[in-house]
Amino acid sequence: MTPKKENKLLRFLNSKKVVPYVFVFPFILSFTILTLYPTIQAVIMSFQRILPGNVEFIGLQNYSRIFNDTFYKALANSTIYMILTVLILISIPILLAILLDSKLVRFKTLFRSALFIPALTSIIVAGVIFRLVFSESENAIANQIIGFLGFEPVQWQFTAWSGMFLMVMMASWRWMGVNVLYFLAGLQNIPKELYESADIDGANMYQKFRHVTLPFLKPIIIFVTTISIIGGFRVFEESYVIWQGNSPGNIGLTLVGLLYQQGIQQNDMGFGAAIGVILLLIIFIVSIIYLLLTGAFKRGDE
Amino acid sequence: MNKKMLSVISALLLFSVFFLAACSGGSEDSAPANADDVKTAGEDIEDATELSFWTFAGTHATFYANAADRWNKENPDKAIKLTVENYPFDQMHNNLLMALQSGSGAPDIADIELAKFPNFLKGDVQLEPLNDLIEPELDSFMEERINIYAKDGKYYGAPTHLGASVVYYNTEIMDEAGVDIDSIKTWDDYVEAGKKVVEKTGKPMTTIADNWYGIWPYVAQKGSDFFNENGKLTLDNEKNIETLEFINDLVNKHKIAELAPGGQYHTEEFYGFMNDGGQASLVIPMYYMKDFTTYMPDLEGKIQIRPMPKWSDSDYQSVTMGGTGTAVTSQSEHVELAKEFLYFAKLSKEGNIQLWKELGFDPPRWDVWEDPAMREDNVYYQYFHDDIFDVLLSVKDNVAGIQLSEYTPDVLTEIDSNIMHKVLREKSQTPEEALKQSADTVRQKIGDQN
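Quick notes on the rules
- Numbering of residues starts from 1 in each chain and follows the order in which that chain's sequence is written.
- Labels follow written order: the first chain is A, the first ligand is 1, and so on.
- Restriction of local features to residues with pLDDT of at least 70 applies here, the model being predicted, together with a cutoff of 80 or more for giving and counting side-chain atom pairs; totals for whole chains, interfaces and linings are based on all residues.
- Where side-chain values are given, they derive from all heavy atoms of the structure, hydrogens and water being excluded.
- Two strands pair if DSSP finds at least two bridges between them.
- Where helices and strands are cited, they refer to DSSP runs of H or I of at least four residues and of E of at least two residues respectively, numbered from the N terminus.
- Orientation is described by lines fitted to C-alpha atoms, with helices fitted over the stretch in contact, and by angles between N-to-C directions that extend from 0 to 180 degrees.
- Paired rings are identified among Phe, Tyr and Trp, the last through its six-membered ring, by centres lying within 6.5 Å, and are further divided according to the angle between planes into stacked (under 30 degrees), edge-to-face (over 60) and tilted (the rest).
- To sort residues, take the accessible area from a 1.4 Å probe on protein chains only and compare it with the maximum for the residue type: under 20% means buried, over 50% means exposed, and anything in between is partly exposed.
- Counted as over-ring charges are cases with an Arg CZ or a Lys NZ within 6 Å of the ring centre that also lie within 35 degrees of the ring normal.
- Roughly parallel here means an angle under 35 degrees, roughly antiparallel means over 145, roughly perpendicular means 65 to 115, and every remaining angle is called oblique.
- A clockwise turn of the near helix away from the far one marks a right-handed crossing, whereas an anticlockwise turn of less than a right angle marks a left-handed crossing.
- The criterion used for residue contact is that any of the two residues' heavy atoms lie within 4.5 Å.
- Residues were grouped as follows: Ala, Val, Leu, Ile, Met, Phe, Trp, Tyr, Cys and Pro as nonpolar; Asp, Glu, Lys and Arg as charged; and all remaining residues, including Gly, as polar.
- Should a side-chain nitrogen of Lys or Arg be within 4 Å of a carboxyl oxygen of Asp or Glu, the pair is scored as a salt bridge.
- Nitrogen and oxygen atoms within 3.5 Å of one another constitute a polar contact, given that in protein one can donate a hydrogen and the other can accept it, and given that sequence-neighbouring residues count only through two side-chain atoms.
- Residues are called lining when one of their atoms sits within 4 Å of a cavity or pocket point, these points coming from a 1 Å grid over the protein atoms alone, where a cavity is a set in which a 1.4 Å probe fits but cannot get out and a pocket is an open set with protein on both sides within 12 Å along at least five of seven lines.
- Grid points are joined across faces, edges and corners, and a volume is the space filled by probe spheres set on the points.

The name given to chain B in an unreviewed UniProt entry is Arabinose-binding protein, with Pradoshia eiseniae as the source organism.

A. Seen up close, the sheet that holds strand β11 (residues 281–285) of chain B. Residues and elements named next belong to chain B. Strand order in the open sheet formed by three strands is β11-β8-β12, and the pairing between neighbours is antiparallel. For this open sheet the edge positions go to β11 and β12 (303–307), each flanked by a neighbour on one side alone. Strand-to-strand twist of the sheet, defined as the mean angle between neighbouring strand axes without regard to direction, takes the value 30 degrees. Bridging between strand β8 (residues 165–170) and β11 involves five bridges; their strand directions are antiparallel.

B. Summary view of the packing of aromatic side chains. Taken as a whole and judged by the stated rule, the model has 42 aromatic pairs over all chains. Measuring from ring centre to ring centre gives 5.6 Å for B:Phe292 and B:Phe384, while their planes differ by 90 degrees; the resulting arrangement is edge-to-face. With a gap of 92 residues between them, B:Phe292 in helix α11 (residues 289–295) and B:Phe384 in the loop between α14 (379–383) and α15 (388–395) connect regions that are remote in the sequence. Take B:Phe292 and B:Phe384: they sit in the same class, and that class is buried. An aromatic cluster is built from A:Phe130, A:Phe134, A:Trp156, A:Trp161, A:Phe165 and A:Trp173, whose rings are joined through pairwise contacts. The ring centre of B:Trp311 lies 4.4 Å from the NZ or CZ of B:Lys222, which sits over that ring. Here B:Lys396 stacks its cationic end above the ring of B:Trp366, 4.2 Å away from the centre of that ring.

C. A look at the packing of helix α9 (residues 238–252) of chain B against helix α16 (residues 408–425) of chain B. Residues and elements named next belong to chain B. Across the interface, α9 lies against α16 with an axial gap of 10 Å and an inter-helix angle of 45 degrees. Here α9 lies oblique to α16, going by the angle between them. In this structure, α9 meets α16 at a crossing whose hand is right-handed. For the pair α9 and α16, contact is made by Leu244, Ile247, Asn248, Val251 and Asn252 and by Ile419, Met420, Val423 and Leu424, respectively. Residues belonging to the contact of α9 with α16 are distributed by class as follows: seven nonpolar, two polar and no charged.

D. Examining the side chain of A:Asn250 more closely. Among the secondary structure elements, A:Asn250 is positioned in the loop between α11 (237–243) and α12 (255–265). Among all residues touching A:Asn250, those that are not within four sequence positions of it are A:Thr70, A:Lys73, A:Asn77, B:Ser417 and B:Asn418.

E. The arrangement of the interface of chain B and chain A in detail. In this assembly, 40 residues from chain B lie in contact with 41 residues from chain A. Inspection of the region where chain B meets chain A yields one salt bridge. With a closest N to O distance of 3.7 Å, B:Lys445 and A:Asp268 form a salt bridge. The interface formed by chain B and chain A holds 15 residue pairs in polar contact (both at pLDDT 80 or more) in total. For the side of chain B that touches chain A, the elements supplying multiple residues, two or more each, are α1 (2–27), α3 (89–102), α10 (268–275), α16 and α17 (431–449) of chain B. Taken together, the residues of the side of chain B that touches chain A sort by class into 11 nonpolar, 16 polar and 13 charged.

F. Looking closely at empty space enclosed by the protein. All told, the structure shown has three cavities of 30 Å³ or more when counted by the stated rule. The calculated volume of the largest cavity comes to roughly 310 Å³. Contributing to the lining of the largest cavity are 23 residues, with A:Asn68, A:Thr70, A:Gln262, B:Thr441 and B:Lys445 lying nearest its centre. Secondary structure elements with two or more residues in the lining of the largest cavity: α3 (61–66), α4 (69–101), α12 and α13 (269–293) of chain A together with α16 and α17 of chain B. A volume near 80 Å³ is recorded for the second largest cavity.

G. Structural context of the pairing of β8(B). All names here are of chain B. Burial analysis of β8 places six of its six residues in the buried class, the great majority of the element. A two-sided burial pattern is seen for β8, the buried positions comprising Ser165, Val167 and Tyr169 on one face and Val166, Tyr168 and Asn170 on the other. Pairing of β8 with β12 involves five bridges; the strand directions are antiparallel. Note that in β12 the partner of tyrosine 169 across the bridge is glutamine 304.

H. Local environment of the sheet that holds strand β1 (residues 37–41) of chain B. All names here are of chain B. Strand order in the open sheet formed by six strands is β1-β3-β2-β4-β14-β7, and the pairing between neighbours is mixed. Here the strands that pair on one side only, and so sit at the sheet edges, are β1 and β7 (158–159). Two strands pair when backbone bridges link them, and strand β2 (residues 49–55) and strand β3 (residues 80–86) are joined in this way by seven bridges, in the parallel orientation. Looking at β3, one finds that glutamate 50 is bridged to lysine 81. Along the sheet, helix α2 (residues 58–74) makes contact with β1, β2, β3, β4 (109–113) and β14 (324–328), crossing β3 at roughly 180 degrees. In the packing of α3 onto the sheet, contacts are made with β2 and β4, and the angle to β4 comes to roughly 120 degrees.

This is the structure:
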């Protein structure tokens, strides 16, 4: 009796109509519990005032409070950070990947690991080291270096441009290796014959890069750019480990930082949720525009 | 070749991991990454009631574990098994907020820092009032400190120290400048002395923190505050503007003060700067003695504690600042026992004496200040001088309290990120402009919520 039953079950699970659902089920389940439910809950919370034992709907009040100077400052910081990290974390990793893929470089494995190690380092540790390297004292490493080059010491953590520089620098240091790996993987997929025929046609280095390498890397570039845009808007740790929440003049305040400050540090969850919803919309719109512009939604044969 | 390469790489990897680990251990002493810093007391006692405790300071954790051992000796019939978990500052407060908000997961007892405390007094307060313990002995406490953790006549927090603000003078520098520190009675004297110090030694008289330590003690000592007793915002009142102008003058007009290296008084940069004899004096509460003995060993014997100079228009000599209120949460299953233990550990006379002996904190109960047990030699008497409690007794009746409101965290955020930066560092706003602008920001929030 039993084996027959099992067979039935197995046959059901193996049927062509069912099997796709079986395979995607774990994803659907985790997505529902870990993403969809919290998102819906956050949207509901954004219309509430939430105090212990005392939750009430207050309509759009949270949203009406959002748009002030502090929010615009956070939005501007996050946007600038996003643009800078996208520019740096796309261009440099491509060049590094090509370099590491070429025959010019020895000890490739060493360089690959060296580049990748920062991604494995705890951000807290990295933050402590960055704070010490870029501390305002004249004896701090960064100030000694620029002093050697003839510049005045800089109060790195206290002026707007250097604050942004620190955040971008930290992000670049952290994610460079990961992006290099993406591009290295992309480069492996380019057939060597194409370079050979380009050589026969007398193409120079730049032409090979422009007409062979780049087109093949395009899907990877789109992918990396998209996650960099999302990551850029979501920036939080870089700012948090440098300033521990409150940056002077809000030079390091980011959207997620503002969400954290208002929602959690100051126990105003409803308002925090509203900032989160706005952030979600911003990321959604910017990503869609980018993907539309690069034609990522088109089918390959179009 | 390949094998060799591999070993070189793994050696490099290992080295970097150890190097980074060592770095993190050194500078994050008081903030462990996880709650792996757990201390327990009374584990071996059968039938002991289990109590959990959250804190954010390793020193506090040891203090409570010791207190639990003493409790178990004195109360064998009501023995407790206390588990003290030590989390990083922000993480602990966030976890506690979430646990109280969501109705489960909170410990029986928790340390809550002063600037975070108002967050826990919103809505239906999820902490237990301690009135039945405090009220009978209210006369023995410095009320200014007890009131900080109160709302609507209910006391929710047991104070860890009085936190009387004082001036720590570096006598070596003051002597070099030829200034007698006992001649500094008013802030005007302080400015004059500062000019001499700068002229003779080239070192600043003091440094000003970018955060609220750079303004709140001065404002409160002048008899003002950011909120009045009715909870109305007074951030931009006349006295506060005057005070910030005074502080701004110290830095940008008289040039006798600089901005604190690292922005505040609890950074590696600042400890190093101070330890090297970087400034002649520092205005900060008594609890900072612990920082001196821990991080500034070179100054041993050179630091003299004196009351803050007075304002001409106010009689306050000191201000209670900083600090931690310890609270029993409503989620506790043993509220009464937790409260009794808390009283034993921090509110009783014996507990207050231990606060001084173990942590170097000025006890919030003034009736122990003259107790012989307080005069026993310890690391603080060796480091500073033996008149620490004489200073406290001399200012006892002139200590200003502070007013907390549920919007205090908003004001402090404005001070930390806008006011001090724009006035002192960037010099892009006058004290009046900065205070008015920030007050408007906070008022907008208050208005929206009421």
